[in-house]
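# Residue-level structure breakdown
Listed below, chain by chain, are the residues.
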Amino acid sequence: MKSAASPHLTGGLNTLVISGRVDAERAELTPRGELVHGCADVLARTLAELPATITRVDLDMGRVHFMDSAGLQFLDVLSDYGRGRATTVTTTNWNGQPRRILELAGLDTTDPLRPAPHAPAPAASSAVALERAERLHLLQSEVEQLRQAIASRPVIDQARGILMATHGCTSDQAWHILRETSQLSNTKLRDVAAAVTASAESDGPPPPPELRTALNKALARRHHG
């Protein structure tokens, strides 16, 4: 006999909420949000609340829109739960950026918990471990680049607005000026934008000489382009 459905099993962090339906033997869970720091703890609490009679847990990952390396810990918690309780656990419907992370980690994007059809030979174990470490490094690098891009956007948008107001250029032209200044001065785009923004404030410091020179060259090219 089925038990009553539980509409919200866990909701500890704003970044991840897990809802679902549970009966005597099966739990259907739907995580929503991001698999970032703390997600494994949220999942562990959810699994701890499931009845001891559960023999299958299915997770629909379609509403997870962002994942960093903490998502691998999320998968580890699921895997440990399945092994410890002799329970079938699946995670399906991965898409978007989380699916890309699974690809970089060398996992099955259909269901990363699915066991490999053939275990690696002992002699190849070190090579497999090395490949996994390299993939994890790529994963972490890509996620960090994405985080930096998200964090940099406000100051870059401010700098574009300043250039548009000061030099009468369009938004696209302001973007190209910032990017060219970054290339000419060998300075990160975010640092260029921060310098432009700071210099526009009352009593704000002017950009460093090499940055100012590069900015003037980029502006001159726009006027003569």
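Look up a bit, the structure's there.
First things first, this report covers the structure right here in the doc. In this text the structure is predicted, and so the values were computed from the model without any measurement. (Residues numbered from 1 in each chain as written. Predicted model: local features only at pLDDT ≥ 70, side-chain atom pairs only at ≥ 80, totals over all residues. Heavy atoms only, no water.)

## Remarks on the overall build of the protein
Of regular secondary structure, the protein possesses seven helices and six strands. Along the protein, from the amino end to the carboxyl end, the secondary structure elements read β-β-β-α-β-β-α-β-α-α-α-α-α. With 225 residues in all, the protein has 36% of them scored as buried. Long-range contacts, defined as pairs at least 24 residues apart, comprise 63% of the intrachain contacts of the protein with a sequence gap of at least 6. Carbon and sulfur atoms provide 52% of the accessible area of the protein, an area that totals close to 13,000 Å². (Helix = DSSP H or I, 4+ residues; strand = E, 2+ residues; numbered from the N terminus. Buried < 20%, exposed > 50% of the residue type's maximum accessible area, 1.4 Å probe, protein only. Contact = heavy atoms within 4.5 Å. Areas by Shrake-Rupley, 256 points an atom, 1.4 Å probe, with all protein chains shown as cover.)

## Some details on the nonpolar core
Within the largest apolar cluster, 29 residues are counted, with the highest numbers of intra-cluster contacts made by L35, L50, V57, L59, F74, L75 and L78. Sorting the residues of this core by element identifies β2 (16-22), β3 (26-35), α1 (39-48), β4 (56-60), β5 (64-67), α2 (70-85) and α3 (96-104) as the ones contributing at least two each. The biggest single contributor to this core is α2, with six residues. With 16 residues, the next largest nonpolar core counts A174, I177, L178 and A193 among its residues. (Core = buried A, V, L, I, M, F, W, Y, C linked by side-chain atoms within 4.5 Å.)

## A few points about the side chain of T181
Among the secondary structure elements, T181 is positioned in helix α5 (residues 171-185). Sequence-distant contacts of T181, that is, excluding residues within four places in its chain, are made with V192, L211, A214, L215 and A218.

## Regarding the packing of α1 against α2
At a closest axis distance of 8 Å, the pairing of α1 and α2 adopts a crossing angle of 25 degrees. It follows from the interaxial angle that α1 and α2 lie roughly parallel. Between α1 and α2 the crossing geometry is right-handed. From α1, C39, A40, L43, A44 and L47 reach across to α2, where they touch A70, G71, Q73, F74, V77, L78 and Y81. Here the residues of the contact of α1 with α2 sort into 10 nonpolar, two polar and no charged. (Axes fitted to C-alpha atoms, helices over the stretch in contact; angles between N-to-C directions. Parallel < 35°, antiparallel > 145°, perpendicular 65-115°, else oblique. Left-handed = near helix turned anticlockwise from the far one by under 90°. Nonpolar A, V, L, I, M, F, W, Y, C, P; charged D, E, K, R; others polar.)

## Details of the pattern of salt bridges
Throughout the structure, instances matching the rule amount to seven salt bridges. Within this structure, R26, E28, R56 and D58 form a network of salt bridges that share partners. (Salt bridge = Lys/Arg side-chain N within 4 Å of Asp/Glu carboxyl O.)

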